[in-house]
Amino acid sequence: MEFIFMLTRDDQTVEDCLSVLADIEDVPLKHIGFKDVGVTPEVLRELHKRIKARGATSHLEVVSTSREAALQSAKMAVDLGVDHLLGGTFVTETLEILSGSNVQYLPFPGHPTGHPTKLGGTAEEVAAHCIAFEQAGAGGVDLLAFRATDADPLDLVKAARKATQGTLVVAGSISSISQIEALAAAGVDAFTIGQAAFTGTIFPRFGSLRSQLQEVLQAARDTAKSSALN
């Protein structure tokens, strides 16, 4: 199970994202992401350039709620050349924009609303969306499981895992080792953490962001090994 570090707080890219990235240069992160809001397109362009320069896989997550803004973010994903575009709900139109590019798309199943985003919808609805998105050409889904308002988060994860053959990313409000362990046991491919790393929520006895990230990386490795043995 892979850990995607998101350079975000409160569902926005942090304004000092370039400085933060420089400060954690020695942390062996394989996956780094950012949101489509919070900083200018120029900053996002430089940020993406630096993420790729360090050999990491890049992830742009769409949290814009309007159709116009979400589709503009899809165009930005193509322009930047990100590896993965996460989120959004305008699946058919987004896939049309991404057609011909190397960007893999993982939309939000369920019914995301607001900002910061909450996730409505039952496990059955999430499963139905996963199947429909895969049939449309998506590479998997970006599930806001721990933002759920209508169902148990792990029920949504299990439903999504059963319904999609593609990549299952769980994003948003992951703040404990027990959640990471549960995701690994459920067969999740990757999870995102941003704010919890910045605030030290998962490992409150460690003071630096570098330490937080190193501990989350280790937790991801340990839980993946444990799930494989079981």
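S.K.: Tell me what's going on with a negative patch on the surface, and back it up with residues and numbers.
M.R.: A cluster of acidic residues, Glu124, Glu125, Asp150, Asp152 and Asp155, forms a negative patch at the surface. Relative to the helices and strands, Asp152 is located in the loop between strand E10 (140–143) and helix H6 (153–163).

S.K.: Explain the sheet that holds strand E6 (residues 84–87) to me, using residue names and the numbers behind them.
M.R.: Spatial strand order, E7-E6-E5-E4-E1-E12-E11-E10: eight strands in an open sheet with parallel pairing. At either end of the open sheet lies a strand with only one pairing partner, and these are strand E7 (104–106) and E10. The sheet shows a mean angle of 25° between the axes of neighbouring strands, direction not considered. By the bridge criterion, three bridges tie E6 to E7 in an arrangement that is parallel.

S.K.: Describe H6, naming the residues involved and giving the relevant values.
M.R.: For H6, every residue scored as buried is listed here: Leu156, Val157, Ala159, Ala160 and Ala163. Along H6, the residues classed as buried sweep out an arc of 165° about the axis, all on the same side. In H6, the exposed positions angled more than 90 degrees off the buried face are occupied by Lys158 and Lys162. In the core, the buried residues of H6 are packed alongside strand E9 (118–120), helix H5 (123–136), E10, strand E11 (167–170) and helix H7 (177–185). Put simply, Asp152 is the residue that caps the front of H6, since its side-chain oxygen is 3.0 Å from the backbone nitrogen of Leu154.

S.K.: Go over the environment of His84 with me, naming the residues and quoting the values.
M.R.: Looking at the secondary structure, you find His84 in strand E6. A polar contact is formed between the side chain of His84 and the side chain of Gln104, at a distance of 2.9 Å.

S.K.: If you had to explain the pattern of salt bridges to someone new, which residues and values would you point to?
M.R.: Applying the stated criterion across every chain yields a total of nine salt bridges. The salt bridge involving Asp11 is made with Arg147; its shortest N-O contact spans 3.3 Å. Taken as a pair, Asp11 in the loop between strand E2 (8–9) and strand E3 (12–13) and Arg147 in the loop between E10 and H6 lie far apart in primary sequence, 136 residues in all. The burial state of Asp11 is the same as that of Arg147; both residues are buried. Counted as one network, the salt bridges with shared partners bring together Asp11, Lys35, Glu61 and Arg147.

Definitions and cut-offs
Residues numbered from 1 in each chain as written. Predicted model: local features only at pLDDT ≥ 70, side-chain atom pairs only at ≥ 80, totals over all residues. Heavy atoms only, no water. Patch = residues over 30% accessible without salt bridge, like charges linked within 9 Å, V, L, I, M, F, W, Y side chains within 5 Å. Areas by Shrake-Rupley, 256 points an atom, 1.4 Å probe, with all protein chains shown as cover. Salt bridge = Lys/Arg side-chain N within 4 Å of Asp/Glu carboxyl O. Lys, Arg positive; Asp, Glu negative; His and termini not counted. Charge placed at Lys NZ, Arg CZ, Asp CG, Glu CD. Helix = DSSP H or I, 4+ residues; strand = E, 2+ residues; numbered from the N terminus. Pairing = 2+ DSSP bridges. Axes fitted to C-alpha atoms, helices over the stretch in contact; angles between N-to-C directions. Buried < 20%, exposed > 50% of the residue type's maximum accessible area, 1.4 Å probe, protein only. Arc of directions from axis to C-beta. Contact = heavy atoms within 4.5 Å. Polar contact = N/O pair within 3.5 Å; in protein donor to acceptor, adjacent residues only side chain to side chain.

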